[in-house]
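Architecture at a glance
Spelled out from the first residue to the last, the chains are:
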Number of protein chains: 2
Amino acid sequence: MASSLNIFSNVNGFGCTKPSVGSQQRRRMVVVKAETINPEIRKTEEKVVDSVVVTELSKNITPYCRCWRSGTFPLCDGSHMKHNKATGDNVGPLLLKKQ
Amino acid sequence: MASSLNIFSNVNGFGCTKPSVGSQQRRRMVVVKAETINPEIRKTEEKVVDSVVVTELSKNITPYCRCWRSGTFPLCDGSHMKHNKATGDNVGPLLLKKQ
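Residues numbered from 1 in each chain as written. Chains lettered and ligands numbered in written order. Predicted model: local features only at pLDDT ≥ 70, side-chain atom pairs only at ≥ 80, totals over all residues. Heavy atoms only, no water.

By the naming in an unreviewed UniProt entry, chain A is Iron-binding zinc finger CDGSH type domain-containing protein, taken from Chenopodium quinoa. What UniProt records for chain A under Cofactor (unreviewed entry) is the sentence "[2Fe-2S] cluster". (UniProt positions renumbered as here; feature names shortened; annotations may be inferred.)

Okay, structure coming up:
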């Protein structure tokens, strides 16, 4: 699964200096930015909000995506299983039940 | 916000060698594991699935969390706003409407 993680690495920090008394060895700095939950869905929208008028549900049970990986978003297509397996996560859908 | 990002860094790779013809400078390797979406909610459960019997909804509009940061999960408490601001993400809730 493609990761949207952004890593800003000080790539100029590779240079090594000969250690000497009184000087500190240069170290590279790696700054990791907190990852987005939604890598791809409707990224032109400032906030992805969906509405369901519950009287219009046709099936007895309709699963809605909460992993932001579904190809049928906002509906669940089971993509959370691949995500959970790849990351050790435990996310799952919201089930809307008519009764 | 606390990040659950796992970074496995070759911390033994700091050593510098004097560059010489025919040898490669040692470089540290940083491997970043794909991040979980859910850092804290019901982590003892293999998969977090919630059900809503839509006939039991009391309010005209009930927002359900899709950012996995809500203190009232599975309901939305607006925590996606903090997450979006911190990460540049654009996630939002699922709104269940009675009509």
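Okay, back to it.
1. Observations regarding unusual backbone geometry
Residue and element names in this part refer to chain A. In the segment running from Phe73 into Pro74, the intervening peptide bond is cis, with an omega of 10°. Among the structural elements, Pro74 can be located in the loop between strand S4 (61-64) and helix H1 (79-87). A positive phi is found at Arg42, a non-glycine position, where the angle reads about 45°. When you line up the elements, Arg42 lands in the loop between strand S2 (30-32) and strand S3 (48-53). On the basis of relative accessible area, Arg42 is assigned to the partly exposed category, the value being 28%. (Helix = DSSP H or I, 4+ residues; strand = E, 2+ residues; numbered from the N terminus. Buried < 20%, exposed > 50% of the residue type's maximum accessible area, 1.4 Å probe, protein only.)

2. Thoughts on the relation of the copies chain A and chain B
When chain A is fitted onto chain B, the two copies agree to an RMSD of 0.2 Å after a turn of 180° and an axial shift of 0.0 Å. The relationship between the two copies is best expressed as a two-fold rotation axis. Using C-alpha coordinates, one finds that chain A approaches the rotation axis most closely at A:Arg66, a distance of 2.5 Å. The overlap is high: 100% of the interface residues of chain A also sit at the interface in chain B, so the same surface is used on both sides. (Least-squares fit on C-alpha atoms with pLDDT ≥ 70 in both. Contact = heavy atoms within 4.5 Å.)

3. Focus: the nonpolar core
Soluble globular proteins: nonpolar side chains tend toward being buried together. By size, the foremost hydrophobic cluster in this structure holds 16 residues, and its most contacted members are A:Ile37, A:Trp68, A:Phe73, B:Ile37, B:Trp68 and B:Phe73. In contact with B:Phe73, not counting residues within four places along its chain, are A:Arg66, B:Ile41, B:Arg42, B:Val48, B:Asp50, B:Cys65 and B:Trp68. Counting residues in each nonpolar core, the second largest holds 12 residues, with A:Val54, A:Leu57, A:Leu94 and B:Leu94 among its members. (Core = buried A, V, L, I, M, F, W, Y, C linked by side-chain atoms within 4.5 Å.)

4. Section: the sheet that holds strand S5 (residues 91-97) of chain A
Pairing is mixed across the open sheet formed by three strands, whose spatial order is S4(A)-S5(A)-S3(B). Pairing within the sheet leaves two strands with one partner each, and these edge strands are S4 of chain A together with strand S3 (48-53) of chain B. The average undirected angle you get between the axes of adjacent strands in this sheet is 25°. (Pairing = 2+ DSSP bridges. Axes fitted to C-alpha atoms, helices over the stretch in contact; angles between N-to-C directions.)

5. Observations concerning the interface of chain A and chain B
The interface is formed by 55 residues belonging to chain A together with 56 residues belonging to chain B. Approximately 4600 Å² of surface area, both sides summed, lies buried where chain A meets chain B, with 58% of it carried by carbon and sulfur atoms. Counting across the interface, chain A meets chain B through four salt bridges. B:Asp50 is the salt-bridge partner of A:Arg66, the closest N and O atoms lying 2.8 Å from each other. Linking chain A with chain B are 39 residue pairs in polar contact (both at pLDDT 80 or more), by the criterion used here. At the level of secondary structure, the elements contributing two or more residues to the side of chain A that touches chain B comprise S2, S3, H1 and S5 of chain A. For the side of chain A that touches chain B, the element with the highest residue contribution is S5(A), accounting for seven residues. Residue composition of the side of chain A that touches chain B, grouped by class: 27 nonpolar, 13 polar and 15 charged. In terms of strand pairing, S3(A) meets strand S5 (residues 91-97) of chain B through five bridges, oriented parallel. What sits directly across from A:Val48, in S5(B), is B:Val91. (Buried area = accessible area lost by both parts, 1.4 Å probe. Salt bridge = Lys/Arg side-chain N within 4 Å of Asp/Glu carboxyl O. Polar contact = N/O pair within 3.5 Å; in protein donor to acceptor, adjacent residues only side chain to side chain. Nonpolar A, V, L, I, M, F, W, Y, C, P; charged D, E, K, R; others polar.)

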